[in-house]
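# Summary of structural features
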There are 2 protein chains.
Amino acid sequence: MPEESPLEARLSQHLPLTYSERDALRSLERRERLYQAGEIVVHEGEETDKLYVVASGWLHGSVQLKGGGRQVLRFYFVGDLTTTFSIAWGRSAATLTAVSATTLYELPRQAFGRLFRDHPRLGALLYGVSASEHVAMADRLTSVGRTDGITRIATLLLDIRSRLRVTDGIDGATFELPLTQQDLGDAVGLTKTHVSRSLKVLAEAGLVDRDGKIIRINDVERLSQMVDFQDRHSHVATDWLPPYGSNGAGEANGSSKPANGSNGANGDIRHQVLPAE
Amino acid sequence: MPEESPLEARLSQHLPLTYSERDALRSLERRERLYQAGEIVVHEGEETDKLYVVASGWLHGSVQLKGGGRQVLRFYFVGDLTTTFSIAWGRSAATLTAVSATTLYELPRQAFGRLFRDHPRLGALLYGVSASEHVAMADRLTSVGRTDGITRIATLLLDIRSRLRVTDGIDGATFELPLTQQDLGDAVGLTKTHVSRSLKVLAEAGLVDRDGKIIRINDVERLSQMVDFQDRHSHVATDWLPPYGSNGAGEANGSSKPANGSNGANGDIRHQVLPAE
DNA sequence: CGCTGAATTGACTTCGGTCAATTCCTGTGG
DNA sequence: CCACAGGAATTGACCGAAGTCAATTCAGCG
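Quick summary incoming for the structure in this document. This is a predicted model, so every value here is computed, not measured.

### Comments concerning the overall build of chain A
Across its full length, chain A carries eight helices and 11 strands. Counting over 277 residues, chain A shows a buried share of 59%. Long-range pairs, those at least 24 residues apart, make up 71% of the contacts in chain A with a sequence separation of at least 6. Only carbon and sulfur atoms are counted for the fraction: they give 48% of the accessible area of chain A, which is about 11,000 Å².

### Notes on the sheet that holds strand 2 (residues 40-42) of chain B
Residues and elements named next belong to chain B. Across the sheet, four strands lie side by side as 2-7-4-5; this open sheet has antiparallel pairing. In this open sheet, the two strands that pair with only one neighbour each are strand 2 and strand 5 (70-76). On average, each strand axis in the sheet is tilted by 30° relative to the strand beside it, whichever way the strands run. Where strand 2 meets strand 7 (residues 95-98), two bridges bridge the pair, whose relative direction is antiparallel. Counterpart to I40 in the pairing with strand 7 is T97. Against the sheet, helix 6 (residues 181-188) touches strand 4 (59-64) and strand 5, its axis set at about 95° to strand 5.

### So, helix 8 (residues 220-227) of chain A
Residues and elements named next belong to chain A. Residues V220, L223, S224 and V227 constitute the buried set of helix 8. Seen end-on, helix 8 carries its buried residues on one side only, within an arc spanning 100°. Facing away from the buried side of helix 8 by more than 90 degrees, the exposed set consists of E221 and Q225. Taken from the residues just after helix 8, D228 is the one with a positive phi, measuring 60°.

### A few points about the packing of helix 3 (residues 109-118) of chain A against helix 4 (residues 120-146) of chain B
Interaxial distance between helix 3 of chain A and helix 4 of chain B falls to 8 Å at its minimum, and their mutual angle equals 135°. Accordingly, the angle class assigned to the pair helix 3 of chain A and helix 4 of chain B is oblique. You can see that helix 3 of chain A and helix 4 of chain B cross each other, and the crossing is right-handed. Counted together, F112(A), F116(A) and R117(A) of helix 3 of chain A and P120(B), G123(B), A124(B) and Y127(B) of helix 4 of chain B form the full contact between these two elements. Per-class residue counts for the contact of helix 3 of chain A with helix 4 of chain B are five nonpolar, one polar and one charged.

### Structural notes on the protein's contact with DNA strand C
Surveying the vicinity of DNA strand C reveals 15 residues, the closest of which are Q181(A), S196(A), R210(A), G149(B) and T191(B). Counting only the atoms of DNA strand C within 4 Å of the protein, the fraction contributed by sugar and phosphate is 65%. At 3.0 Å from a phosphate oxygen of DNA strand C is found a side-chain nitrogen or oxygen belonging to R210(A). Taking R197(B), its side chain carries an N or O atom lying 3.0 Å from a base oxygen of DNA strand C. Elements represented by at least two residues in the surface near DNA strand C include exactly helix 7 (192-204) of chain A together with helix 7 (192-204) of chain B. In the surface near DNA strand C, the residues fall into one nonpolar, nine polar and five charged.

Reading guide: rules and limits
What you see as residue numbers is a count from 1 along each chain, following the sequence as written. Lettering for chains starts from A, numbering for ligands starts from 1, and both go in the order in which the items are written. Per-residue local features of the predicted model are confined to residues with pLDDT of at least 70, and side-chain atom pairs are confined, for both listing and counting, to 80 or more; whole-chain, interface and lining totals are unaffected and use all residues. Here the side-chain values reflect all heavy atoms present in the structure, with hydrogen atoms and water set aside. Secondary structure elements follow DSSP: runs of H or I of four or more residues count as helices, runs of E of two or more count as strands, with numbering from the N terminus. Exposure classes here rest on a 1.4 Å probe applied to the protein chains alone. A residue is buried below 20% of its type maximum, exposed above 50%, and partly exposed in between. Residues count as neighbours in contact if any of their non-hydrogen atoms are within 4.5 Å of one another. Computed with the Shrake-Rupley method and a 1.4 Å probe, the accessible areas treat only the protein chains shown as cover for residues. The pairing criterion is simple: DSSP has to find at least two bridges between the two strands. Axis definition: a line fit to C-alpha positions, over the contact stretch in the case of helices; interaxial angles, taken between N-to-C directions, run 0 to 180 degrees. Our arc is simply the arc of the directions from the helix axis toward the C-beta atoms. Orientation is classified from the angle alone, with under 35 degrees giving roughly parallel, over 145 giving roughly antiparallel, 65 to 115 giving roughly perpendicular, and any other angle giving oblique. By the definition used in this description, the sense in which the near helix is turned from the far one sets the handedness, with an anticlockwise turn below a right angle giving left-handed and a clockwise turn giving right-handed. The residue classification treats Ala, Val, Leu, Ile, Met, Phe, Trp, Tyr, Cys and Pro as nonpolar and Asp, Glu, Lys and Arg as charged. All others, Gly included, are polar. We define proximity as follows: a residue is near a molecule or strand when any one of its heavy atoms falls within 4 Å of that partner. Polar contacts, as counted here, are pairs of nitrogen or oxygen atoms within 3.5 Å of one another; within protein the pair requires one atom able to donate a hydrogen and one able to accept it, and residues that are adjacent in sequence qualify only if both atoms are side-chain atoms.

In structure tokens, the structure reads:
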């Protein structure tokens, strides 16, 4: 339990956490499980009573179409909570597949629920993180709905790079992409044939270098500019979170002032706050 | 404050709420504002320190592309929380436009945050609702990325119908659609020209009748079947929510108890639980 | 060293976009 | 009550980005 927890690391990226919040996050994560590249963690429609926190590696979530197609909905990286989709039902809304060798911590839904009670501020923060992921998906929708193939692929590469960079500490522009062109296409709504052609164009334009599974984006700034890419994950606002403090004044209505004047984050001196890390 | 609140109504659709939870929700919503059809509530990029709850009418959220295009990300109906996207930043990630004449209640972000502290169970429920909306957007992504124009339009109509039905108590298959074909196209990634053609095909196939702004879906069941449509909003699981009640029983696991036993919600037996409504 | 799945490439098709001309509606003002 | 203006919808002719099909080529691997 004293180990570092990926979810803890992720959340403390946005907000200095108290010791007790950190403890709670660490103790949430249970059994660790390993998956090989390509292995399926949960099938679409399968019942699940747990979430998974990514401790290493990465994955994607996808749905199967009646007609035989497939849509890759999003990718999951270290620190991400997966299968949050399924929390709204008892069963998974998507198939979760390991893209690379992966370690996951299991997190029972019940325990996740308890977190909201025991650490409301974390609950609110999780809501905020979820909102930022929602926006990231909106960006994807925009990309797929309103831009051409080359732009979609470029945007996807930039997105994956920026996510991997945080977690894997990549230098900046080179990374391994263990996805087939079919996978890429399923993510952005293109056929594998056209993915191949689009990548070729990007390579010939000198924007991207490829060597096997290794991708290098030659000028991240410029490419981002060109396709109007925005990183939605680096920052999540926390100024609206409830003060850390003691339960409060519980009594709902009456007035809706915060219990103690201080607002924002950690308000309570008893709880030492750790540096962001 | 004693009036019915749309958010309250929405949430109690999924879970019987206690009096104090209801009170809290009612007292959250402040000034009521009216917007005419077509009016813009918030601009993309604009700073906001509030959310809006839809009390009547409907709206959509959209983003503008550099090249001049537009993507309509989603629609908002009575009881929906809007601009949750923006909670992750200080500014709105999308433009919010009234589709029909609309009443909104303003809800300051701070007050929203406090809700997580004062009523953790509602916080968790809001997370669940948000997850279901996330899935709805994933469905849209799948539709846009992987199906043809006719299917996209049909799916969109079914989606709008099923949302309106809940709130406006529509009979079942006929509703008013105050959107231009441009709007429809921006929602599903088609040009207005092709929207016109797709609607024509649907009409000629006898699947949809049109009369001005009035749409009638002739056999909802069949059309849903044809395009594999699923309503993602009617149900949200609540079995994982923390018990309303008393803090404690921190059971969790022996060790990591929250710092102070109390916290979380005011839990006492005094709070009667109301039937679903 | 051969197998197998992935990637590449070419020829051809097609769905949806573009452009532009009508037509339709609806609201407005005479 | 009617004429008219202007946006929305419809329709046709044409174009082009991406899909389909299929044949190679390539790369990793037992």
